[in-house]
Amino acid sequence: MARLIILGPPGSGKGTQAEYIARHFSIPAISTGDLFRAHVKGRTELGAEAGKYMDKGEFVPDHVTTGMLRLRLQDGDAAAGFLLDGYPRNAAQVLALDELLSSGRHAVDVVIALTVGDDELAARMLRRAKEQGRSDDTESVIKRRLELYRDETHAVVTSYTERGLLVSVDGTGEREAITAAAIAAVQAALERGSVAGPGRD
Ligand code: ADP
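Residues numbered from 1 in each chain as written. Predicted model: local features only at pLDDT ≥ 70, side-chain atom pairs only at ≥ 80, totals over all residues. Heavy atoms only, no water.

**Q** Tell me about the overall build of the protein chain, and name the residues and values.
**A** A tally of helices and strands in the protein chain yields 8 helices and 5 strands. Its helices and strands taken in sequence order, the protein chain reads β-α-β-α-α-α-β-α-β-α-α-β-α from the N to the C terminus. Taken over C-alpha atoms, the radius of gyration comes to 16 Å for the protein chain, in line with the 17 Å a tight globule of 201 residues would show. Across its three principal axes, the protein chain shows a C-alpha extent of roughly 45 × 40 × 30 Å. Going through the 201 residues of the protein chain one by one, you find that 44% of them count as buried. With the model as given, the accessible surface of the protein chain reaches about 10,400 Å², and the carbon-plus-sulfur share is 52%. (Helix = DSSP H or I, 4+ residues; strand = E, 2+ residues; numbered from the N terminus. Rg over C-alpha atoms; globule rule 2.2 N^0.38 Å. Buried < 20%, exposed > 50% of the residue type's maximum accessible area, 1.4 Å probe, protein only. Areas by Shrake-Rupley, 256 points an atom, 1.4 Å probe, with all protein chains shown as cover.)

See the structure below:
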């Protein structure tokens, strides 16, 4: 049972790492970006709304994102824990998540912060644009997403650091080595938590 969050700038590889880390802990990786892309592809009303923001690199409005996540967390597979990828992304979403989780059985256990330098990030994203053709991987939109990450998501890092939940993991190097480091960091934090903190549930 683990309730995890992974934070990292666009291009940090957090989506890939999320899949492997979640598999290790037998929990679903829940990516708000992937959920939105599925809605866009399926031409749902929510997809039409979200797509307008995504194509500009802007955040989708909080009530849309949080509403979508609330529904996803109600699925049976999330009852035994989850790894959130792409949420929360600003201070308001941190509070919204607190509320979502307090009405259920969960609190957050560990927050993984994946760190990668800016030049490496931009290079990776432009490479991905060529390989995968994501419509929001153009130079100006990438710039905006990085800017928003720095301006808005910093508050999320601060907030979880203050709660003593953050573990930093270097996001450069081999994929396998990064996964192993992240799993080890989470494991250590979970063990510390269970020793030091009764009544987390
Ligand atoms: P990345 O982190 O690489 O930019 P994501 O796949 O996580 O990509 O997100 C893609 C887009 O989906 C974002 O640029 C934003 O428009 C939207 N999005 C995803 N998660 C959120 C969120 N928590 N709040 C607002 N918008 C979001």
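That shown, we press on.
**Q** Any chance you could break down the site of the ligand for me, citing the residues and the numbers?
**A** Close to the ligand lie 19 residues, the nearest being T32, R37, E58, G86 and R89. Contacts to the ligand include Q93, whose side-chain N or O atom sits 2.9 Å from a nitrogen atom. Contact with the protein chains hides 97% of the accessible area of the ligand, taken as 550 Å² for the molecule alone. Ranked by the residues each element gives to the shell around the ligand, the list is headed by helix α2 (residues 32-41), at 4 residues. (Near = heavy atom within 4 Å. Polar contact = N/O pair within 3.5 Å; in protein donor to acceptor, adjacent residues only side chain to side chain.)

**Q** Give me the packing of helix α4 (residues 62-73) against helix α5 (residues 91-102): which residues, what numbers.
**A** Contact geometry for α4 and α5: axes closest at 11 Å, N-to-C directions at 30°. Judged by the inter-axis angle, α4 sits roughly parallel to α5. With respect to the hand of their crossing, α4 and α5 are arranged in right-handed fashion. Contacts between α4 and α5 involve D62, T65, T66, L69, R70 and L73 from the first element and A92, Q93, A96, L97, L100 and L101 from the second. (Axes fitted to C-alpha atoms, helices over the stretch in contact; angles between N-to-C directions. Parallel < 35°, antiparallel > 145°, perpendicular 65-115°, else oblique. Left-handed = near helix turned anticlockwise from the far one by under 90°. Contact = heavy atoms within 4.5 Å.)

**Q** Can you lay out the pairing of strand β1 (residues 2-7) for me, pointing to particular residues and giving the numbers?
**A** By the criterion of burial, β1 is predominantly enclosed, with 6 of the 6 residues buried. Burial along β1 is two-sided: the face carrying A2, L4 and I6 and the face carrying R3, I5 and L7 are both buried. Here β1 pairs with strand β3 (residues 81-85) via 5 bridges, running parallel. Bridging from a neighbouring strand, A2 pairs with G81 of β3. Bridge analysis of β1 against strand β4 (residues 110-115) gives 4 bridges, and the strand direction is parallel. Counted as the bridge partner of I5 is V111 from β4. (Pairing = 2+ DSSP bridges.)

**Q** Could you give me a rundown of the packing of aromatic side chains, with the residues and numbers involved?
**A** Applying the stated criterion to the full structure yields 0 aromatic pairs. One residue, R23, lies across the ring of Y20, its end atom 5.2 Å from the ring centre. In this structure, R175 packs its charged tip against the face of Y20, placed 3.4 Å from the ring centre. (Phe/Tyr/Trp six-rings, centres within 6.5 Å; stacked < 30°, edge-to-face > 60°. Lys NZ or Arg CZ within 6 Å of the ring centre and 35° of its normal.)

**Q** Lay out unusual backbone geometry in plain terms, naming residues and giving numbers.
**A** Here Y87 and P88 are connected by a cis peptide whose omega angle stands at -5°. Here P88 shows up in the loop between β3 and α5. Residues other than glycine seldom take positive phi values, yet R43 does so here, at roughly 55°. Relative to the helices and strands, R43 is located in the loop between α2 and α3 (45-54).

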